Amino acid sequence: MPPSPSDSTDPGILPPRDTGGRLVVVLLVPGDGNAISALQRAAEDGCKGEIVDARLTASVLPSLETVLARRPAAVLMDSLAQDNPAGSRHAWRWQDAVELLESGIDVFVALAPGDVASRADAVAAITGRPPAKTVPDPFLDRADAVNVIDAGTVSPPLGESQRSALRALALRLAAEHAERRLAALSRNLQSPVWRSTERLIVAVSPSPFSTQLIRWTRRTAAALGAPWLAVYVEITRPLTEEARSLIENNLALARELGGEVVVTRDDDVAAALVRVARDREATQIVIGKPSDRRWHDILRGRTMVERLFELGGKIDIHMIPAASAPTAGPRLRLDSASPSGWSEYALVVAAIGGITVAGLLMTGFYYLSVGLVYLLAVILLSLRVGRGPMLLAGVLSALTWEYVFIPPKFAISIASVQDALLFGTYFVVALVAGQLTARIRAQAHNERLREERATALFRLTHSLAEAGTLDDAVQSALRQMDRLFAAQTALALPSAADGPLVLHAASAFGFDPAEREAAEWACRHRRPAGRFSPTLASCSGYYEPLLREGRSLGVLGVKIPAGRAFPAAQRELIGTFARQLALIVEREQLRRAGEREKLLAESDRLHRALLDSVSHELRTPLSVIASAAEDLEEIRPEARSRLLGEIRIAALRLNRVVGNLLDQTRLESGALRPRLQWCGVDDLLKSTVQEVHDALAGRSVEIHVPAGMPAVHLDWTLTGHALACLLLNAAVHTPAGMPVSLSAEYDETGRRLFLRVADRGPGVPAAIRGRLFQKFVRGDPAQAGGVGLGLSIVRGFSLAQGGEVSMGDNPGGGAVFTICLPQAQHQYQPAP
Amino acid sequence: MSAPSLPLVLVIEDEIQFRRLLRLTLEAVGYEVNEAANGQLGLNETAVRPPQGIIVDLGLPDIDGKEVIRRIREWSQVPMLVLTVRDGEDEKIAALDAGADDYLTKPFSGRELLARLRAILRRTQTAVGSPVVRFGDVEVDLAARVVRRAGSELRLTAKEHDLLRYLAVHAGRVVTHRQILRELWGVNAEESPQYLWVYMTHLRQKLEPNPREPRYLMTDAGVGYRLIAD
């Protein structure tokens, strides 16, 4: 579906001068010069590198994609107001120029003065040709230079006076542009800054004349360097389809020309305008000169203009007459918003006819009572039918009453003054009653629409606030939108910074390449794209970027079923939803960043604690050795052996710590290959105890092995080391002198071997039981010593042999560590 | 008269080997030694059997060593010597600022330990008497506020004199930059050690035999200064 003019987006998001390419505009006034050579000269003077000719008349017209791919230094363009052929990325050629500028490419453009939106009327008045398609004014504002050249021809040729007028207009355009540039430069600011305190408001109505008003306001505002607003005051009377599309076109034009659009609801237009003006601190209001007085003006006793002057106070009021007599635009018709069907008219005719027949049949009624019944019927009908049928009901009932019942009967004449009065009053009452109820119904309809919208937004914000995770929020938002717009919606977020878009799992439709391109474009250029938009309109979805502080956080896609319209109100609502979603996405991003930060800090903290503990474990025995060695010479000979003993203990401890660290490294590198062998369990336990005898500091170790226990199948070194770790662990965590027991047994099946180390110490604190076998977990912090690797190594060595290790409470107090190792069937029994 | 009781030293240290080493070293020269295996026990022992000096390890398992020092300083002026395996200057300065009198980095020799311990114990033992501190050919008479070098009186500026006096009063012990600055310039100058460096340079030029290689007015890297007296 080709976009209608009202679908134009706001070109106010042009790339600022300092980032994008340069834009040079050449304004052509019909004359003898050569537009092409002027353009080429300007381009060759201004930049070095490839210059691509993308004029409509170029021998081969390159597509936007190919131009972008070639990355030339400059591009020559003309006929910017033209539509692009179907299937192009953008609907209009001037959008191509904008994208080129955004990509940092210089653009040299030839324009006719009449191509500029705000001058279209003026040029039409000079040449007598109606304004055709135009380029929005902000595009011209973005230009770095505007030159005027006498070149090009028009047919039919213009007279000298017309050409002078055109030239004057073009020169004025260029002069205004230069003045604005100068003002911006003198403030040393790149972006246009409103230099005056003026602010203009233009009142927009559903009339073609409003476009003139909007252009006039834009011109004046630009000359003043003032911002401006287009205000549409919606009154309760419903609009026809035609009027609705007119007002949307007018508002779109205002947006396109860089104005801000405000829609407000009030039955008193003057009061609403003044209210908006006060709110926005506007200094001037622009209105059209009314062509006639409206009946409600007469009722109020003053015209809208008079009321504006009265209410406005210090605000200046500009009244602009229509330049050419406006073809009486589609006035508000007494018609319902929803067109009344034939059934309503039929109902009206049937009701009036019924009452008439009944009145005729029941003779003897006073004609006045019949009139009252008619009135009752009219008022009851007004609750059911629209404006048109109501009008019919009023007229029809009045005429029928007069013709059939008011004497003289069956004649269009009224005998007495009293009857004339009665008839007149009836007629007015019926009409007014009908109109009033119709208006109330329209008001109720509007109220309902507004409430639906408010409810939708409320539900959205509510559910977004409720949602715990981004996924929940997106899921509920998309499903709500599906219902609300009766369409499919999708959300795509960048996979990484500037990465490709990835569809959220809750999306109702997927991307094909065309859809993806539109979505990516919308995300990259921070403007809507896709169907109903001027960019990539050929795809089936409409894509609205999620904007937050000038950044695109993702894209919201909506697929409206074919054949359905997409009114501005819906688009606005989608924009609002997109903003809400952007907030949520940003919240999620911030939360994730915070979490990452916290994780980093935590890992940093762990790292430092680990380094502290390892360095403490290594340096303490080293310090003992060094300190003791220093004193060896000086100390009394009888104390010397004690120092030597300390040195030996420290050296052994150091050896254990280094051994543990190496074991852990071996475990983590995965280089551990157990060498299983058959051995006697008694030998293993005894030699293990022997090995750690020194460190046990005089504790007794009881060894329990069932008599006649067969040989076991395991890695001697790994198992011995694991048991030694457990024994040392028991020695460190139990009071001196406490016995430790070491036992071995098979389970009933003989397939598993249990090796147990039990102590009578205080047991393991509940707080660390869950992480007991993780590395660098240490027991009682008030107890000295240990890197926290021992139990981790025990577990690693057990796992390496296909076994496991567990911890339990020793009946009667203390802890039991059990290593469980799988045993193969006995293939061989040791000789007895 | 009963025999003079031996000075009691409390060792607050979690590593049993160091406790044994310290006991060996201290008892060899006639100190009586009491041990505590963690901070809480150390605080208890200090209260129950007030020692004449405390040796405390900074890396205690339950309470941080600095916290132990701070709590003892709240009610006692007992001299404290800090032991640390860490060579972080910040740790040492923090411990000294918390109230420790000197520090010793592990590993240490018995001689070094005993010298430091003597220096901090002297503070309480020689509170009165003729306060004259001598080093090299310099004599600092604390009572008369006179500094002599090779017998003749030396002219010092007021601040130089104050600085020298402060170092002499704490002779043999380290004083942190912060302590000197607070004493001589007031609390606001605590963060500006550059003053100190200037005065220290002047003092060395006037008092040291070779100011480039000071022998008496020593810098304790990153921590402070120490006057090595005879």
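Let me begin by describing the structure that accompanies this report. Nothing here was measured: the structure is a model prediction, and the numbers come from that model. (Residues numbered from 1 in each chain as written. Chains lettered and ligands numbered in written order. Predicted model: local features only at pLDDT ≥ 70, side-chain atom pairs only at ≥ 80, totals over all residues. Heavy atoms only, no water.)

## Overview of the environment of Ser152 of chain B
All names here are of chain B. Just so we agree on the cut-off: The way it works is that DSSP assigns letters per residue, a run of H or I at least four long becomes a helix, a run of E at least two long becomes a strand, and they are numbered from the N terminus. Buried residues are those whose accessible area, probed at 1.4 Å on protein chains only, stays under 20% of the maximum for their type, while exposed residues exceed 50% and partly exposed ones sit between those limits.
Relative to the helices and strands, Ser152 resides in strand β9 (residues 152–153). A relative accessible area of 42% means that Ser152 is categorised as partly exposed. Through-space distance from the C-alpha of Ser152 to that of Glu139 is 9.7 Å; in sequence the pair is 13 residues apart.

## Some words on helix α21 (residues 716–733) of chain A
Given 3.6 residues per turn, any residue in an α-helix points the same way as the ones three and four places further on. Going by this rule: Multiplying one less than the number of residues by 1.5 Å gives the expected span of a helix. Pairs of N or O atoms within 3.5 Å make up the polar contacts considered here, provided that, within protein, one atom can donate a hydrogen while the other can accept it, and that residues adjacent in sequence are counted only when both atoms are side-chain atoms.
With 18 residues, α21 of chain A should reach 26 Å at 1.5 Å per residue; the first-to-last C-alpha distance of 26 Å fits that figure. Sitting at the amino-terminal end of α21 of chain A is Asp715 of chain A, which places a side-chain oxygen 3.0 Å from the backbone nitrogen of Thr717 of chain A.

## As for the sheet that holds strand β2 (residues 32–36) of chain B
Residues and elements named next belong to chain B. The cut-off we apply is this: Here, a strand pair is defined by DSSP locating no fewer than two bridges between the strands. The axes used here are C-alpha line fits, helices contributing only the stretch in contact, and every angle between their N-to-C directions lies in the interval 0 to 180 degrees. For this analysis, residues touch if any pair of their heavy atoms sits within 4.5 Å.
On the basis of which strands lie adjacent, the open sheet formed by five strands has the order β2-β1-β3-β4-β5 and parallel pairing. The sheet is open, and its two edges are formed by β2 and β5 (102–105), each paired on a single side. Here the strands of the sheet are splayed against their neighbours by 20 degrees on average, with no regard to which way each runs. The sheet contact formed by strand β1 (residues 8–12) and β2 spans five bridges and is parallel. Note that in β2 the partner of Leu10 across the bridge is Asn34. Each of β4 (80–84) and β5 touches helix α4 (residues 89–98); the most contacted strand, β5, lies at about 150 degrees to it.

## A short note on the environment of Ser164 of chain A
Mapped onto the secondary structure, Ser164 of chain A falls in helix α6 (residues 160–186). Distance from Ser164 of chain A to Ile126 of chain A, taken between C-alpha atoms, is 10.0 Å for residues 38 residues apart in sequence.

## Side note on the sheet that holds strand β17 (residues 701–704) of chain A
Residue and element names in this part refer to chain A. One open sheet accounts for five strands, arranged β17-β19-β20-β22-β21; its pairing is mixed. Two strands bound the open sheet, and with one partner strand each, they are β17 and β21 (804–809). Averaged over all pairs of adjacent strands, the angle between their axes in this sheet comes to 15 degrees, without regard to strand direction. Both strand β19 (residues 740–746) and strand β20 (residues 752–759) contribute to a ladder of seven bridges, which runs antiparallel. The partner of Ser743 across the bridge, within β20, is Arg756.

## Brief notes about the interface of chain A and chain B
Cut-off, in case you're wondering: By buried area we mean how much accessible surface two parts lose on assembly, using a 1.4 Å probe and totalling the loss over both. Put simply, a salt bridge is a Lys or Arg side-chain nitrogen that is within 4 Å of an Asp or Glu carboxyl oxygen.
If you look at the interface, chain A gives 23 residues, while chain B gives 19 residues. Summed over both sides, the interface between chain A and chain B buries roughly 2000 Å², with carbon and sulfur atoms accounting for 53% of that surface. Of all residues in chain A, Arg619, Ser627 and Glu646 of chain A bury the most surface against chain B, accounting for 23% of the area lost on that side. The tally of links from chain A across to chain B stands at two salt bridges.

## Quick notes on the pattern of salt bridges
Side-chain pairs of opposite charge can arise whenever the charged atoms involved come near each other. All names here are of chain A. Evaluation of the coordinates by the stated rule reveals 53 salt bridges over all chains. Its salt-bridge partner being Asp121, residue Arg215 comes within 3.2 Å of it at the nearest N-O pair. Remark: Asp121 occurs in helix α4 (residues 120–127) and Arg215 occurs in helix α7 (residues 209–224); sequence separation between them is 94 residues. Three or more residues joined by partner-sharing salt bridges are found here, namely Glu65, Arg89, Glu99 and Glu517.

## Thoughts on the nonpolar core
All names here are of chain A. We count it as follows: In plain words, nonpolar cores are sets of buried Ala, Val, Leu, Ile, Met, Phe, Trp, Tyr and Cys residues tied together by side-chain atoms within 4.5 Å.
Core analysis: the largest hydrophobic core is formed by 45 residues, its most contacted members being Leu727, Leu755, Phe817 and Ile819. Listing elements by their share of this core, those giving two or more residues are α20 (681–691), β18 (712–714), α21, β19, β20, α23 (790–800), β21 and β22 (815–822). No other element matches α21, which puts ten residues into this core. Aside from chain neighbours lying at most four places away, what touches Leu727 is Thr688, Val689, Val692, Leu696, Val701, Val740, Leu742 and Val757. Counting residues in hydrophobic clusters, the runner-up holds 37 residues, among them Leu64, Val109, Leu166 and Leu169.

## What to know about the packing of aromatic side chains
Which entries qualify depends on this criterion: In this scheme Phe, Tyr and Trp rings, the latter by its six-membered ring, pair at centre separations within 6.5 Å, and the angle between planes marks the pair as stacked below 30 degrees, edge-to-face above 60, and tilted otherwise.
Tallied over the full model, the rule gives eleven aromatic pairs over all chains. Relative to Phe817 of chain A, the ring of Phe773 of chain A lies with its centre 6.3 Å away and its plane at 85 degrees, an arrangement referred to as edge-to-face. Taken as a pair, Phe773 of chain A in the loop between α22 (766–769) and α23 and Phe817 of chain A in strand β22 lie far apart in primary sequence, 44 residues in all. Look at Phe817 of chain A and you get buried, because its relative accessible area is 6%. An angle of 50 degrees between the planes, with centres 5.4 Å apart, marks the rings of Phe135 of chain B and Tyr216 of chain B as tilted.

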